[in-house]
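Tertiary structure, described
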Amino acid sequence: MKSKVKAIIDRAEQQCKANGTRMTSKRKQILYGLLQSDKALSAYELVEYCKTEFNETIPAMSVYRILEFLEEERLVHRLNLANKYVACAHIAGEHEHSVSQFLICQSCQRVKEVDISESVVRSLKQNVRDAGFELHRPQLEINCICAGCANSHA
Ligand SMILES: [Zn+2]
Ligand SMILES: [Zn+2]
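In what follows, the accompanying structure is described. (Residues numbered from 1 in each chain as written. Chains lettered and ligands numbered in written order. Predicted model: local features only at pLDDT ≥ 70, side-chain atom pairs only at ≥ 80, totals over all residues.)

**As for the overall build of the protein**
Convention followed: Helix and strand labels come from DSSP, where a helix needs a run of H or I of at least four residues and a strand needs a run of E of at least two; each type is numbered from the N terminus. Here a residue counts as buried when 20 or more other C-beta atoms sit within 10 Å of its C-beta, as exposed when there are 12 or fewer, and as partly exposed otherwise, the C-beta atoms being derived from the backbone.
For the protein, the helix and strand inventory stands at 6 helices and 5 strands. In sequence order, the secondary structure elements of the protein are arranged as α-α-α-α-β-β-β-β-α-β-α. Viewed in the frame of its principal axes, the protein has a C-alpha envelope of about 50 × 45 × 30 Å. Within the protein, buried positions represent 23% of all 154 residues.

Printed below as a string of structure tokens:
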């Protein structure tokens, strides 16, 4: 494992310990796969990844359970639109975030999680309330073209 990614996983393991949960080796492998990728990955892509990278066969059902666990531990996010997963950009632990915003390149599927300002969150909440709804698991997913793809198409 690359040392930078390993440091993040060690940290995640400590965090789980503090929460009274356990980072098993399979959970680590899935998290490692997501940390290595700059694209969102589906459960099936992660099954393939573990097979080629670790020579480990993890059934898709288990991968889903592992992803659920990692999501509860706030280590990964599920993208609703694509039903795929990404490692949290704040996983290294600089600060907490309330609303995640994901920029998703429509061309290469690269995903970037970016911070969203407090004032935007406030007006978003107000908008939702005005419409008679309640904000539930706020998460923004925005269709974009990344700079790399924009340049290559220019
Ligand atoms: Zn995040
Ligand atoms: Zn792109």
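**Considering the nonpolar core**
For soluble globular proteins, nonpolar side chains are generally found buried alongside one another. Where we set the bar: To define a nonpolar core, we join buried Ala, Val, Leu, Ile, Met, Phe, Trp, Tyr and Cys residues through C-beta atoms within 7 Å and take the resulting set. An automatic or database domain assignment supplies the residue ranges for each domain. Each residue gets a C-beta atom placed from its backbone, and two residues are in contact if those atoms lie within 7 Å.
In terms of nonpolar packing, the biggest core is built from 29 residues, with Leu31, Leu34, Val76 and Ala87 touching the most fellow members. When contributions to this core are tallied by element, the ones reaching two or more residues are helix H1 (3–18), helix H2 (25–36), helix H3 (43–54), helix H4 (60–72), strand S2 (84–87) and strand S3 (100–105). Counting residues domain by domain, this core receives three or more from each of domain 1 (1–92) and domain 2 (97–154). Those residues within four positions of Ala87 in sequence are excluded, and the remaining contacts are Leu31, Leu34, Leu35, Leu75 and Val76.

**Some points on the environment of Asn143**
The topology assignment puts Asn143 in strand S5 (residues 139–144). By C-beta crowding, Asn143 is classed as exposed, having 9 other C-beta atoms within 10 Å. In this structure, the C-alpha to C-alpha distance between Asn143 and Leu103, residues 40 residues apart in sequence, is 6.3 Å. If we skip the residues at most four places from it in the chain, Asn143 touches Ile104 and Gln106.

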